[in-house]
Amino acid sequence: MGGFVADDDNATGIAELAQRFAGLHGDLAGAEDALNKASAADPKDFISPRFVALLREKKKDAAGAREACAASLKVQPKQAMPHLILGRLALAESDAAGAKKEFFAALDGLDGKDATEVRQLAELASKVDMAEKGLALMQTLEEDKDQSAALDFWLDEARYAQAARKPDKVSKACAKAKALVSAVDCPPVPAPAPAPGHPG
């Protein structure tokens, strides 16, 4: 499989293509090279360095990811994803206070248009002990009439709490999930049709 080749004359869209290519083929180096070329071609491009940060986070290059986040935020200070990445990096280093600070910065920069971004911010909220804020974020994704987003959130919260060995939070999350299941209104089940030749 050949590496990712970027067209310097078309910076628009390269970031998303590179990230997608990296996901499909694992060519992180080729994707990062394409993103860097896109960024160099357009000084106003804050998307490419943002994706570079994601790729470097994936490679466990915390210093490189922070550098790319800073480059993205320098061009566009009001955005969520770089702060999300910085928050996850802080958590990986057991810096709960730093992660919480980045959570609020991400929340301030959130435009609500990217569902993936919203879900990732909700996940970060759980990990910095702000489950209710995470749930509120999940519920902005849709009307959620069947409570599926809320149910998924509390099930994930239970898993995080179990991994963190916090039984009280596991119990709370499970109770919330059970309450949602019992509150869901199921549609009425139609009566079976009578067998042929038998009265209804």
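Residues numbered from 1 in each chain as written. Predicted model: local features only at pLDDT ≥ 70, side-chain atom pairs only at ≥ 80, totals over all residues. Heavy atoms only, no water.

S.K.: Describe in detail helix 6 (residues 96-109), supporting the description with residues and values.
M.R.: An ideal rise of 1.5 Å per residue puts 20 Å on 14 residues; helix 6 measures up with 20 Å between its terminal C-alpha atoms. Here helix 6 has its buried residues at Gly-98, Ala-99, Glu-102, Phe-103, Ala-106 and Gly-109. All buried residues of helix 6 lie within an arc of 145° about the axis, which places them on one face of the element. In this structure, helix 6 carries Ala-97, Lys-101 and Asp-108 as exposed residues pointing more than 90 degrees from its buried face. The secondary structure elements touched by the buried residues of helix 6 are helix 5 (81-92), helix 7 (115-127) and helix 8 (131-138). (Helix = DSSP H or I, 4+ residues; strand = E, 2+ residues; numbered from the N terminus. Expected span 1.5 Å × (residues − 1). Buried < 20%, exposed > 50% of the residue type's maximum accessible area, 1.4 Å probe, protein only. Arc of directions from axis to C-beta. Contact = heavy atoms within 4.5 Å.)

S.K.: Before we move on, can you summarise the pattern of salt bridges with the specific residues and values?
M.R.: On inspection of all chains with the given rule, the structure shows 8 salt bridges. Residues Asp-33 and Lys-37 are paired through a salt bridge, measuring 3.6 Å at the closest nitrogen-oxygen approach. Within this pair, Asp-33 and its partner Lys-37 are both found in helix 2 (residues 28-41), separated by 4 residues, close to a single helical turn. In this structure, Arg-66 engages Glu-93 in a salt bridge whose closest nitrogen and oxygen atoms are separated by 3.0 Å. With Arg-66 in helix 4 (residues 62-75) and Glu-93 in the loop between helix 5 and helix 6, the pair connects residues that are 27 residues apart, well separated along the chain. Accessibility expressed as a relative area gives 30% for Arg-66, which makes it partly exposed. (Salt bridge = Lys/Arg side-chain N within 4 Å of Asp/Glu carboxyl O.)

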